[in-house]
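Report on the structure
Spelled out from the first residue to the last, the chains are:
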Amino acid sequence: MGRVEGKVAFITGAARGQGRSHAIRLAQEGADIIAVDLLEAIPGAPYAAATQEDLDETVRQVEALDRRIVASKADVRDYEGLKKALDDGVAELGRLDIVSANAGISTQMAPTDELTEDMWQNMIDTNLTGVWHTAKAAIPHLKAGGRGGAIILTSSEAGIKGYANIAHYVSAKHGVVGLMRTLAIELAPDMIRVNSIHPTQVDTDMIMNEATYRLFAPNLENPTREDFAPASQATNTLPIPWVEAVDISNAVLFLASDEARYVTGVPLPVDAGCFLK
């Protein structure tokens with residue numbers, strides 16, 4: 001216990017899924033949390049948006065661990081709004097040490113030449129520009145603290161390999177890797193480490209929906225989670241269909257902790273060997 005004791009972590013997309021899991025896991029190890037989430041639907045997203053009730057539940061679970069949390073509604077596409085949410089959180093909690101740029105979406109899937117302008121732009125705005133906004137808002141606080149820090153950018157297996165019919169997603173997630181490497185170089189003099197994390201399929205709402213099932217089982221008229229499982233498992237080397245959110249959170253914790261004090265510029269797969277296939 002206490003691997004990030006006394007530190008403050010900023011987490012985007014914290015209302016549910018991986019973001020909530022990251023907040024809870026870091027809180028279990030002693031961190032206080034600044035949490036934001038959009039709490040609105042993104043056009044074309046094939047799953048329901050997180051709600052205020054979801055964010056409230058994240059707050060409840062963090063506070064149950066006797067940690068402080070400042071939670072608010074903010075859109076990573078809106079730099080000024082995101083910056084204000086973070087500035088307010090730092091003003092209340094007193095510092096910033098860890099950044100988890102976790103917010104991300106999936107949207108409609110189509111061959112590259114059939115993607116619409118809106119499908120492309122909505123993806124890039126959230127999954128790449130939103131990550132840049134998160135880092136941009138956080139860097140002044142990390143530098144001002146004079147204690148170094150850790151930034152963890154959530155990419156994807158699609159950030160290190162290609163997939164058909166999701167060129168917008170693959171492009172955004174590859175872009176995150178380039179951003180991570182650049183930030184790692186720029187921020188090294190301040191002992192601020194920057195890494196990216198690359199999950200395979202994770203058991204969250206963003207993956208467990210009809211659009212994903214159809215991508216992996218296009219031959220079925222109405223594919224289900226059960227139909228998706230063997231197709232998903234076939235993409236991994238380890239014999240599992242997907243990982244759990246806490247598996248990603250454990251990697252975020254490692255990268256945020258002093259155990260990784262000299263780890264920077266690294267794209268870390270948590271992918272059950274998916275990259276090997």
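Look a little higher up for the structure.
A brief report on the enclosed structure follows. (Residues numbered from 1 in each chain as written. Predicted model: local features only at pLDDT ≥ 70, side-chain atom pairs only at ≥ 80, totals over all residues. Heavy atoms only, no water.)

A few words on the sheet that holds strand E2 (residues 32-37). Strands sit in the order E3-E2-E1-E4-E5-E6-E7 across an open sheet of seven strands; the sheet is parallel. A single partner strand is all that each edge strand has here, and the edge strands are strand E3 (69-73) and strand E7 (267-270). Each strand axis lies, on average, 15 degrees off the axis of its neighbour in the sheet, ignoring direction. One ladder, built from three bridges, connects strand E1 (residues 8-12) with strand E4 (residues 98-101); its direction is parallel. Bridge pairing in E4 links Phe10 to Val99. Across the face of the sheet, helix H3 (residues 79-93) comes into contact with E1, E2 and E3 while running at roughly 160 degrees to E2. (Pairing = 2+ DSSP bridges. Helix = DSSP H or I, 4+ residues; strand = E, 2+ residues; numbered from the N terminus. Axes fitted to C-alpha atoms, helices over the stretch in contact; angles between N-to-C directions. Contact = heavy atoms within 4.5 Å.)

When charged atoms on two side chains of opposite charge get close, those side chains can pair. One pass over the structure, following the stated rule, counts 16 salt bridges. Two residues, Glu259 and Arg3, come together in a salt bridge whose shortest N-O distance is 2.7 Å. Here Arg3 lies in the segment before E1 and Glu259 lies in the loop between helix H8 (245-256) and E7, a separation of 256 residues in the sequence. Residue Glu259 is classed as partly exposed on the basis of its relative accessible area, which comes to 48%. Among the salt bridges present, the one from Arg25 reaches Glu29, with a minimum N-O distance of 3.4 Å. Accessibility classification places Arg25 together with Glu29 in one group, the buried group. (Salt bridge = Lys/Arg side-chain N within 4 Å of Asp/Glu carboxyl O. Buried < 20%, exposed > 50% of the residue type's maximum accessible area, 1.4 Å probe, protein only.)

In this section: the pairing of E4. Every second residue of E4 is oriented toward a common face, with Ile98 and Ser100 on one face and Val99 and Ala101 on the other, all of them buried. With four bridges joining them, E4 and strand E5 (residues 149-154) adopt parallel strand pairing. Bridge pairing links Val99 to Ile151 in E5.

At a closest axis distance of 8 Å, the pairing of helix H4 (residues 117-145) and helix H5 (residues 167-187) adopts a crossing angle of 15 degrees. For the element pair H4 / H5, the angle class is roughly parallel. In this structure, the crossing between H4 and H5 has a hand that is right-handed. Judged by residue contacts, Met119, Trp120, Met123, Ile124, Asn127, Leu128, Val131, Trp132, Ala135, Ile139 and Lys143 of H4 engage Ala167, His168, Tyr169, Ser171, Ala172, Lys173, Gly175, Val176, Leu179, Leu183 and Leu187 from H5. Residues belonging to the contact of H4 with H5 are distributed by class as follows: 16 nonpolar, four polar and two charged. (Parallel < 35°, antiparallel > 145°, perpendicular 65-115°, else oblique. Left-handed = near helix turned anticlockwise from the far one by under 90°. Nonpolar A, V, L, I, M, F, W, Y, C, P; charged D, E, K, R; others polar.)

This brings us to the environment of Asn195. For Asn195, the location among the structural elements is in strand E6 (residues 192-199). Remark: the alpha-carbon pair of Asn195 and Val263, spanning 68 residues in sequence, is separated by 7.8 Å. Leave out the neighbours within four places in its chain, and Asn195 touches Ile151, Ile152, Leu153, Met180, Leu255, Val263, Thr264, Gly265 and Val266. Within the structure, Asn195 has its side chain in polar contact with the backbone oxygen of Val263 (distance 3.0 Å). (Polar contact = N/O pair within 3.5 Å; in protein donor to acceptor, adjacent residues only side chain to side chain.)

With that out of the way, let us pick up the packing of aromatic side chains. Evaluation of the coordinates by the stated rule reveals three aromatic pairs. Ring centres 5.1 Å apart and planes at 75 degrees place the aromatic pair Phe216 and Phe228 in the edge-to-face group. Taken together, the residues Phe216 in helix H6 (residues 210-216) and Phe228 in helix H7 (residues 225-233) connect sequence positions twelve residues apart. Taken together, a centroid distance of 5.6 Å and an interplanar angle of 20 degrees make the contact between Phe228 and Trp242 stacked. Here Trp242 lies in the loop between H7 and H8 and Phe228 lies in helix H7, a separation of 14 residues in the sequence. On the basis of relative accessible area, Phe228 is assigned to the buried category, the value being 0%. On the basis of relative accessibility, which here comes to 13%, the residue Trp242 falls in the buried class. (Phe/Tyr/Trp six-rings, centres within 6.5 Å; stacked < 30°, edge-to-face > 60°.)

A few words now on the packing of H3 against H4. How two helices sit against one another is set out by the angle between their axes and by the gap between those axes. At a closest axis distance of 9 Å, the pairing of H3 and H4 adopts a crossing angle of 35 degrees. Our pair here, H3 against H4, has a crossing hand that is right-handed. Within the contact between the two elements, H3 uses Tyr79, Leu82, Lys83, Leu86, Asp87 and Val90 and H4 uses His133, Thr134, Lys136, Ala137, Ala138 and His141. Residue composition of the contact of H3 with H4, grouped by class: six nonpolar, three polar and three charged.

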